[in-house]
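Listed below, chain by chain, are the residues.
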Amino acid sequence: MWTKQDLQALVQRQTGDYRLVIVSNRQPYIHNLVDGQPQFVIPAGGLTSALDPLMQACGGTWIAYGGGQGDRYIVDQDNRVMVPPDDPAYSLRLVWLTEQEEQGYYYGFSNEALWPLCHNAYTEPVFDSRDWRTYQQVNRKFADLVLDEVGDRPAVVLTQDYHLALLPQYLREADAPIITGQFWHIPWPHAEIFRICPWQSELVEGLLGNNLLGFHIGDHCSNFMDTASRTLPVRVDQEYNRIDYRDDTTLVRPFPISIDFDDICQFSESPEVTEEMVRIQDEWGLGGQIIGLGIDRVDYTKGIPHRFRAIGRFFEKYPQYLGKVVFVQAGVLSRSDIEAYQQLGGQIDHLVDEINGRFGRAGWQPIVYKPDDLPAVTLMALRRLSRFCIVSSLHDGMNLVAKEFVASRFDDDGVLILSPFAGAALELTQSLIVNPYATEEMAEAIRDAVTMPQTERRYRMQQMRGTVRENNIYKWAARLLVELMQCARGSKVGRSLYASAGMR
Ligand code: F6P
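What comes next is a walk through the structure. This one's a predicted model, so the numbers in the text were calculated from it and none came from an experiment. (Residues numbered from 1 in each chain as written. Predicted model: local features only at pLDDT ≥ 70, side-chain atom pairs only at ≥ 80, totals over all residues. Heavy atoms only, no water.)

With that out of the way, let us pick up the packing of helix α14 (residues 376–385) against helix α15 (residues 400–408). Running from amino to carboxyl end, α14 crosses α15 at an angle of 70°, the nearest separation of the two axes being 9 Å. By the angle between their axes, α14 is roughly perpendicular relative to α15. Contact residues: α14 offers M380, R383 and R384, while α15 offers E404, F405 and S408. Looking at side-chain class alone, the contact of α14 with α15 contains 2 nonpolar, 1 polar and 3 charged residues. (Axes fitted to C-alpha atoms, helices over the stretch in contact; angles between N-to-C directions. Helix = DSSP H or I, 4+ residues; strand = E, 2+ residues; numbered from the N terminus. Parallel < 35°, antiparallel > 145°, perpendicular 65-115°, else oblique. Contact = heavy atoms within 4.5 Å. Nonpolar A, V, L, I, M, F, W, Y, C, P; charged D, E, K, R; others polar.)

On the surface, a nonpolar cluster with roughly 370 Å² of combined accessible area is contributed by Y122, F421 and Y437. Of note, Y437 is situated in the loop between β18 (432–433) and α16 (439–451). Looking at Y437, the relative accessible area reads 38%, which means it is partly exposed. (Patch = residues over 30% accessible without salt bridge, like charges linked within 9 Å, V, L, I, M, F, W, Y side chains within 5 Å. Areas by Shrake-Rupley, 256 points an atom, 1.4 Å probe, with all protein chains shown as cover. Salt bridge = Lys/Arg side-chain N within 4 Å of Asp/Glu carboxyl O. Buried < 20%, exposed > 50% of the residue type's maximum accessible area, 1.4 Å probe, protein only.)

Let's shift gears to the site of the ligand. Taken together, the residues surrounding the ligand are R26, A44, L47, Y106, W115, D161, Y162, H163, I186, R297 and R335. For the ligand, an oxygen atom lies 2.4 Å from a polar atom in the side chain of D161. Within the side chain of Y162, one N or O atom sits 3.3 Å away from an oxygen atom of the ligand. Within the complex, 90% of the 380 Å² of free accessible area of the ligand lies under protein. (Near = heavy atom within 4 Å. Polar contact = N/O pair within 3.5 Å; in protein donor to acceptor, adjacent residues only side chain to side chain.)

Moving on, we come to the pattern of salt bridges. Enumeration according to the criterion identifies 36 salt bridges in this entry. The salt bridge partner of E192 is R195, with a shortest N-O separation of 3.5 Å. One salt bridge in this structure joins D396 and K302, with 3.2 Å as the shortest N-O distance. Within this pair, whereas D396 is found in the loop between β16 (388–391) and α15, its partner K302 is found in the loop between β13 (290–297) and α12 (304–317), the two being separated by 94 residues in sequence. Assigned by exposure class, D396 and K302 land together as buried. One connected set of salt bridges, linked through shared partners, spans R313, E316, K317, E354, R358, E440 and E444.

Of the two faces of strand β17 (residues 415–418), the one holding V415 and I417 and the one holding L416 and L418 are both buried throughout. Both β16 and β17 contribute to a ladder of 4 bridges, which runs parallel. Bridging across to β17, F388 finds its partner in V415. Assessed by its sense of winding, the connection that carries the chain from β16 through α15 to β17 is right-handed. (Pairing = 2+ DSSP bridges. Right-handed = clockwise from strand over helix to strand, strands pointing away.)

This part covers helix α4 (residues 99–118). Considering bend angle alone, the principal kink of α4 is centred on S110 and spans about 40°. Here α4 lies mainly inside the structure; 15 of its 20 residues are buried. (Bend = angle between axes of the 7 residues up to and from the residue.)

Spatially, the 6 strands line up as an open sheet ordered β15-β14-β13-β16-β17-β18, and their pairing is parallel. Unpaired on one side and paired on the other, β15 (367–370) and β18 mark the two borders of the sheet. Against the sheet, α16 makes contact with β13, β14 (325–332), β16, β17 and β18, and its axis sits at roughly 155° relative to β16, the strand it touches most.

Turning next to the packing of aromatic side chains. Taken as a whole and judged by the stated rule, the model has 28 aromatic pairs. Ring centres of F308 and F327 lie 6.3 Å apart, and the angle between their planes is 80°; on these two criteria the pair is classed as edge-to-face. Pair noted here: F308 is in helix α12 and F327 is in strand β14, with a separation of 19 residues, a long-range link. Grouping residues by exposure puts F308 and F327 together as buried. Between F314 and Y318, the aromatic rings sit 5.9 Å apart at their centres with planes inclined by 50°, giving tilted as the arrangement. The residues F314 and Y318 share a single accessibility class, namely buried. Through a chain of ring-to-ring contacts, three or more aromatic side chains come together here, namely Y105, F109, F127, W132, Y135, F142 and W199. In this structure, R72 is placed above the aromatic ring of W96, and the distance from its NZ or CZ to the ring centre is 4.1 Å. The aromatic ring of Y170 is capped on one face by R140, whose charged end is 3.8 Å from the ring centroid. (Phe/Tyr/Trp six-rings, centres within 6.5 Å; stacked < 30°, edge-to-face > 60°. Lys NZ or Arg CZ within 6 Å of the ring centre and 35° of its normal.)

With that settled, consider the nonpolar core. Counting residues in each nonpolar core, the largest one holds 176 residues, and the members touching the most others are L7, F142, L203, F224, F308, F388 and L416. Broken down by element, this core gets its largest block of residues, 11 residues, from helix α18 (residues 473–489). Those residues in contact with F224 that sit more than four places away from it in its chain are W188, V204, L207, L208, L213, F215, I243 and V252. (Core = buried A, V, L, I, M, F, W, Y, C linked by side-chain atoms within 4.5 Å.)

As a further point, take empty space enclosed by the protein. For the structure on display, the rule yields 1 cavity of 30 Å³ or more. What the largest cavity holds in volume is close to 40 Å³. Lining the largest cavity we find I295, D296, A330, G331, V332, D373, L374 and L379. Those elements that place two or more of their residues in the lining of the largest cavity are β13 and β14. Classifying every residue of the lining of the largest cavity gives 5 nonpolar, 1 polar and 2 charged. (1 Å grid on protein atoms, 1.4 Å probe; cavity = no way out; pocket = protein on both sides within 12 Å on 5 of 7 lines; lining within 4 Å. Points joined across faces, edges and corners; volume = space filled by probe spheres on them.)

What follows is the structure, encoded as structure tokens:
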């Protein structure tokens, strides 16, 4: 099993004098102002849960957008701060954006165009040419800061996600001593879907600035290679998943992302979590009930209304569980300036009212909805208290909520109900895999979870824990770095770097 120490040793061996730089839109520690004082929060989403352990293990610099109101108070003159705040291990360097830049690049092109384009969730992408220009401009801004950070020392730059698709090409144009890798945290759709984007060639060309491009699963790699071959004059080698374009090569590989299994497991066992379990059972009136759980960023790709409809159907079919089963939905509100997210918020509130109004009774409601960005300890207590957890994504790159649920169940109990449209379904095959659009089947899966004998729950959970324990975040990072360094050796920049460093 890969550990933090193994990864540290590997990074030493593989990357030697190379500086490690991660670039992403979202920063791993956001400083807000609370009573005029900067206080950090860890943002929701797979990015931080996956990459912060890597950076803590390896050191280096993480470049990201400084979107917190308190960020400017905590950085030095270089816009840099050491993190994690309570045990500094690496440097976080922030990029400032104007309101207009944030609007056009983050809300606009990233989240109103690329996000719906890459997720088959039937929300129409908005392609606005002003947003596109801002996206280009902001990608340049990030690239300039990366180049400033790297200087003339060799570096490995790992770009994250869809906000920064053009950046690798900008780095390559600068002819800096940089080995470039990118991990695309969301799905890559079929070429037939991607071609509706008016700037598909520019985006694909931007990504081909990478020596290595990673997706969660093989299907997304194939979709990307197909898109590239239909968009640009490239040579695609299907056998080795490589794309030659102009004088450079990009390897396209699946790396199913994961979590720090041991860390989550240890936290889950802590007395702090046990105390929190007692508190919420008491204060939220959950005692003596079978608890179902959902934890999500409130996003239209997560299928939250779909799971609520299934819960409604479950109580309709099996009224004997009224008052005995409760579903707790924890949520983090996200991207709320975007209309599609506001509409989703309204739809969820309406469904919760409707289902609670229909089935609730004095002192009991079928759905407890907490869109309040609950603290980590409360989320962990909920994972431990739950009989089952539902991940009903309509489309999802991986979905780390599923893996976090499994990692937190050191008692080998709990049932995972999982959408086949999340990348995690390829690994967590002992979950109850159910199509979120099939309300009837999902209602049945809820019943199966509620009635499943303990021996079966135990067997399934043990299998899934074995999988996540083995395929943890350190293994993910190690595989990615090894592949990156290997393919870099064959590249133009890699050859000259190795030659100048006297390496072979
Ligand atoms: O997983 C995709 C992703 O965009 C991550 O990059 C990000 O951390 C997460 O979703 C949360 O989204 P946002 O940063 O827009 O709140």
